[in-house]
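Single-letter residue listing:
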Amino acid sequence: SNDHFNWEDYLRETGSLSAPPHCFRQSKNPPSNDFKIGMKLEAHDPRNVTSVCIATVIGITGARLRLRLDGSDNKNDFWRLVDSSDIQQIGTCEKKGDMLQPPLGFRMNASSWPMFLLRTLNGAEMAPAAIFRKEPPKPPENYFKVGMKLEAVDKKNPYLICPATIGDVKGDEVFITFDGWRGAFDYWCKYDSRDIFPVGWCRLTGDALQPPGNNISITKSILNTPSSPPKAIRRSMQSAQKSPVPAQRGRKLGESRSPGPVTAP
Ligand code: MLY
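This structure is a prediction, so every number in the text was calculated from the model and none was measured.

J.: Would you explain the sheet that holds strand 9 (residues 187-190) in this entry?
T.: Hydrogen bonds between backbone groups are what pair the strands of a sheet, and the pairing can be parallel or antiparallel. Judged by pairing direction, the sheet is antiparallel, and its five strands sit side by side in the order 9-8-7-6-10 without closing on themselves. With one partner strand each, in any of the chains shown, strand 9 and strand 10 (196-197) form the two edges of the open sheet. Across the sheet, helix 1 (residues 7-14) lies against strand 6 (149-153) and strand 7 (161-170), angled at about 125° from strand 6, the strand it touches most.

The structure is reproduced here in structure tokens:
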């Protein structure tokens, strides 16, 4: 259909280029996801990365797993790729001579952890070694350039993968900006982050790529393109940008722009 987001059309309409796949720490073909809901595995606690905990797969989305740490609440779910080095089969921790830890915010008394661990593993379906995938290697350096398009996890809503643009590059870091949103979701990350993907990733994994937001941003580059509006209109667009009108949400392209504080979701 026509209103469905399509990268080919979008890249053409915005006159932009996608970041080449060699920029990313992602496999060329997304790994197959053979996990099943209910399987248990070991995962680094995202809130306390030195500890390894037991996690349960509570959702499957493309090449990612929705995980919940056993003994934790339902407010701290996190998502990991099946080829993430943050996850491993049960038994890995013990083999290395380490101990499984209760999650940060363990909902019971710390003294009940050993018994909780026994019970949570008793009769559990453990994810078999064969369905964990090897993490791809880091690209040797940061190949990203400002303006390149990509697909990126919205860290404030980590189940979402969205069209994004490289807004800045500094050493080993890149600034991820979300197309059609006004800065509230932007973040810096390492160029080898597992949360950023080449254009077309979601189409290959079957994940739902979010459409861009509908907050337009009148950038210098748009104002300077040959097809930009005539001078008089350009001047009024610029003065409109300076007028102290409160922010609106959900404007469509072509509607008047009013700047204001960035709005929360
Ligand atoms: N807070 C919004 C979600 C915003 C998502 C923004 N991402 C896609 C950049 C909501 O709950 O609807």
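J.: Explain the state of the cysteines here, please?
T.: Cysteine pairs can be covalently joined through their sulfur atoms, and such a bond is termed a disulfide. Evaluated as defined, the whole model comprises zero disulfides. Cys-23 forms no disulfide, and the closest cysteine sulfur to it belongs to Cys-189, at a distance of 12 Å. With a relative accessible area of 0%, Cys-23 lands in the buried category. Residue Cys-162 stays outside any disulfide, its sulfur separated by 8.6 Å from that of Cys-202, the closest cysteine. Cys-162 sits in the buried class, given a relative accessible area of 8%.

J.: Sorry, what's going on with the packing of aromatic side chains here?
T.: Two aromatic rings, taken as a pair, are described by how far apart their centres are and by the angle between their planes. The final tally for this structure, using the stated rule, is 13 aromatic pairs. Ring centres of Trp-113 and Phe-116 lie 5.8 Å apart, and the angle between their planes is 25°; this geometry places the pair in the stacked category. One end of the pair, Trp-113, and the other, Phe-116, are both in helix 3 (residues 113-121), three residues apart, so they sit about a helical turn from each other. The same class applies to Trp-113 as to Phe-116, namely buried. On the basis of an interplanar angle of 50° and a centroid distance of 6.0 Å, the ring pair of Phe-178 and Tyr-187 is categorised as tilted. Across the pair, exposure class does not vary: Phe-178 and Tyr-187 are buried alike. Chaining the aromatic ring pairs together yields one cluster made of Phe-5, Trp-7 and Tyr-10.

J.: Just checking my understanding: could you explain the sheet that holds strand 4 (residues 78-81) for this structure?
T.: Pairing is antiparallel in the open sheet, where five strands are placed in the order 4-3-2-1-5. With one partner strand each, in any of the chains shown, strand 4 and strand 5 (87-88) form the two edges of the open sheet. Pairing of strand 2 (residues 48-61) with strand 3 (residues 64-69), which is carried by six bridges, proceeds in the antiparallel orientation. Bridge pairing in strand 3 places Thr-56 opposite Arg-68.

J.: Would you explain the side chain of Thr-92 in this entry?
T.: Tracing the backbone shows Thr-92 in helix 2 (residues 92-95). Reaching out from Thr-92, the side chain makes a polar contact with the backbone oxygen of Gln-89 at a distance of 2.6 Å.

J.: Can you help me understand the pairing of strand 1 (residues 40-45) in this one?
T.: The two faces of a sheet get side chains in turn, since along a regular strand they alternate between them. Burial within strand 1 is extensive, with five of its six residues counted as buried. Alignment of strand 1 against strand 2, held across six bridges, turns out to be antiparallel. Across the sheet, His-44 pairs through a bridge with Val-52, a residue of strand 2. Between strand 1 and the antiparallel strand that follows it, strand 2, lie two residues. Taken together, the two bridges between strand 1 and strand 5 define a ladder with antiparallel strand orientation. Within strand 5, the residue paired with Glu-42 across the bridge is Gln-88.

Rules and cut-offs
Residues numbered from 1 in each chain as written. Predicted model: local features only at pLDDT ≥ 70, side-chain atom pairs only at ≥ 80, totals over all residues. Heavy atoms only, no water. Pairing = 2+ DSSP bridges. Helix = DSSP H or I, 4+ residues; strand = E, 2+ residues; numbered from the N terminus. Contact = heavy atoms within 4.5 Å. Axes fitted to C-alpha atoms, helices over the stretch in contact; angles between N-to-C directions. Disulfide = S-S within 2.5 Å. Buried < 20%, exposed > 50% of the residue type's maximum accessible area, 1.4 Å probe, protein only. Phe/Tyr/Trp six-rings, centres within 6.5 Å; stacked < 30°, edge-to-face > 60°. Polar contact = N/O pair within 3.5 Å; in protein donor to acceptor, adjacent residues only side chain to side chain.

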